[in-house]
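Chain residues, written in single-letter form:
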Amino acid sequence: MRLEELTWPELDEIKEKLEAVILPVGSVEAHGRHLPLGTDVFSPVEIARRVEEKIRGRGRDVLIAPPVWYGHAFTLNIYPGTINVRPESLRMYVGDILSELASEGFKRIIILNGHGGNIYPLTEAAEDVAELYPDVEVWLINWWIDFRDEILSVCSSQGHAGEDETSVILAIMPELVHMDNARGRKTRTPVRIIKKDIGKELFPDGVNDDPRNASAEKGEAILEAVSEKISRLILGEE
Ligand SMILES: [Zn+2]
């Protein structure tokens, strides 16, 4: 079920029976020359859709809230199309959404995050809400980190616009992927360096991994493994 498709009396009636509400959060950000700018939203929205379907198939329900599209994307802001929101703006905005969901009566709110730059602001937003609503729990799922083992059992590596992310988008919307432009490699600095154009070194062309071995089959396997794992966590089976 999607929040935006319900009427308020419909929501009021089912609210009590929901296992959780899922809020996908992403970023509009450069993902190489081969992936769409909306990659970090498309992935968690698709994972949420699969989780909802799986849970419904087991006779229970979760609600999916409309996604938050814009995130904090300092590093890749040097590339056209990256829309960077300040961390305090994201913290306040998502904090307000979480508070509203909590005041609606939702006791378990799951932030399904698709973007690394969001992790600190989202953690802070969740802490703000936890202080205000002691009976509410917020889960912050960073799918590519929390389920790294599952992902690396499918892919040989993972990274920004890399094999895992490219595979996932190939599985969801292959028409938006330009595999003929897919290239990249792992780049690291020995310590974290923050400077205006660090993205050029760390993410040449907006990539930090080799995406050439990506495939829709791998993407399907990742989406299946991650959504199954999240469903089992929600249902208390893990
Ligand atoms: Zn991404």
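Residues numbered from 1 in each chain as written. Predicted model: local features only at pLDDT ≥ 70, side-chain atom pairs only at ≥ 80, totals over all residues. Heavy atoms only, no water.

> Just give me the short version of the sheet that holds strand β2 (residues 63-64), but keep the residues and values in it.
Read from one edge of the open sheet, four strands run β2-β1-β3-β4, paired in parallel fashion. If you trace the sheet from one side to the other, it starts and ends with β2 and β4 (137-142), each paired once. Sheet analysis places strand β1 (residues 21-25) next to strand β3 (residues 108-113), joined by five bridges and oriented parallel. Bridge pairing in β3 links V25 to N113. On the sheet, helix α4 (residues 119-132) packs against β1, β3 and β4 and is oriented at approximately 170° with respect to β4. (Pairing = 2+ DSSP bridges. Helix = DSSP H or I, 4+ residues; strand = E, 2+ residues; numbered from the N terminus. Contact = heavy atoms within 4.5 Å. Axes fitted to C-alpha atoms, helices over the stretch in contact; angles between N-to-C directions.)

> Hey, could you go over the coordination of the zinc ion for me, with residue numbers and the actual values?
Note on the zinc ion: its protein donors are H31 (NE2), D40 (OD) and E165 (OE). The metal-donor distances range over 1.8 to 2.1 Å. Read in sequence order, the donor residues coordinating the zinc ion give the pattern H-x8-D-x124-E. Residue H31 is located in the loop between β1 and α2 (39-57), and its partner E165 is located in helix α7 (residues 163-172); the two are separated by 134 residues in the primary sequence. (Donors = N, O, S within 2.8 Å, 3.2 Å for Na, K, Ca; no water.)

> Just give me the short version of the layout of surface pockets, but keep the residues and values in it.
Computed from the structure, the largest pocket encloses a volume of approximately 1300 Å³. Lining the largest pocket are 37 residues, with T75, G116, G117, R192 and F203 positioned closest to its centre. When contributions to the lining of the largest pocket are tallied by element, the ones reaching two or more residues are α4, α5 (143-146), α7 and α8 (198-202). A per-element tally of the lining of the largest pocket places α4 first, with four residues. Here the residues of the lining of the largest pocket sort into 16 nonpolar, twelve polar and nine charged. Here the element with the most residues in the lining of the second largest pocket is helix α3 (residues 87-103); it accounts for three residues. Along the lines of polarity and charge, the residues of the lining of the second largest pocket split into eight nonpolar, no polar and two charged. (1 Å grid on protein atoms, 1.4 Å probe; cavity = no way out; pocket = protein on both sides within 12 Å on 5 of 7 lines; lining within 4 Å. Points joined across faces, edges and corners; volume = space filled by probe spheres on them. Nonpolar A, V, L, I, M, F, W, Y, C, P; charged D, E, K, R; others polar.)

> Lay out the packing of aromatic side chains in plain terms, naming residues and giving numbers.
This model, assessed by the stated rule, comprises two aromatic pairs. Both rings, one in F42 and one in W69, keep their centres 5.9 Å apart while their planes meet at 90°; by these two values the pair is edge-to-face. Of this pair, F42 sits in helix α2 while W69 sits in the loop between β2 and α3, placing them 27 residues apart in sequence. You can call W69 partly exposed: its relative accessible area is 36%. (Phe/Tyr/Trp six-rings, centres within 6.5 Å; stacked < 30°, edge-to-face > 60°. Buried < 20%, exposed > 50% of the residue type's maximum accessible area, 1.4 Å probe, protein only.)

> Pulling in residues and values, what's your account of the pairing of β1?
Of all five residues in β1, five are buried, a share of seventy percent or more. Where burial is concerned, the two faces of β1 agree: the one with V21, L23 and V25 and the one with I22 and P24 are both buried. Pairing of β1 with β2, which is carried by two bridges, proceeds in the parallel orientation. Residue pairing in the sheet places V21 in a bridge with L63 of β2. Taking the sense of rotation as the criterion, the β-α-β connection linking β1, α2 and β2 turns out right-handed. (Right-handed = clockwise from strand over helix to strand, strands pointing away.)

> Just give me the short version of the nonpolar core, but keep the residues and values in it.
Residues I47, L112, I141, W143, V226, I230 and I234 are the most contacted members of the largest nonpolar core, which totals 24 residues. Going through the elements one at a time, α2, β3, β4, α5 and α9 (216-234) are the ones with two or more residues in this core. If one sorts the elements of this core by residue count, α9 sits on top with five residues. Leave out the neighbours within four places in its chain, and I47 touches L112, W143, L223, V226, S227 and I230. In this structure, L23, I109, L122 and V129 belong to the second largest nonpolar core, which totals 21 residues. (Core = buried A, V, L, I, M, F, W, Y, C linked by side-chain atoms within 4.5 Å.)

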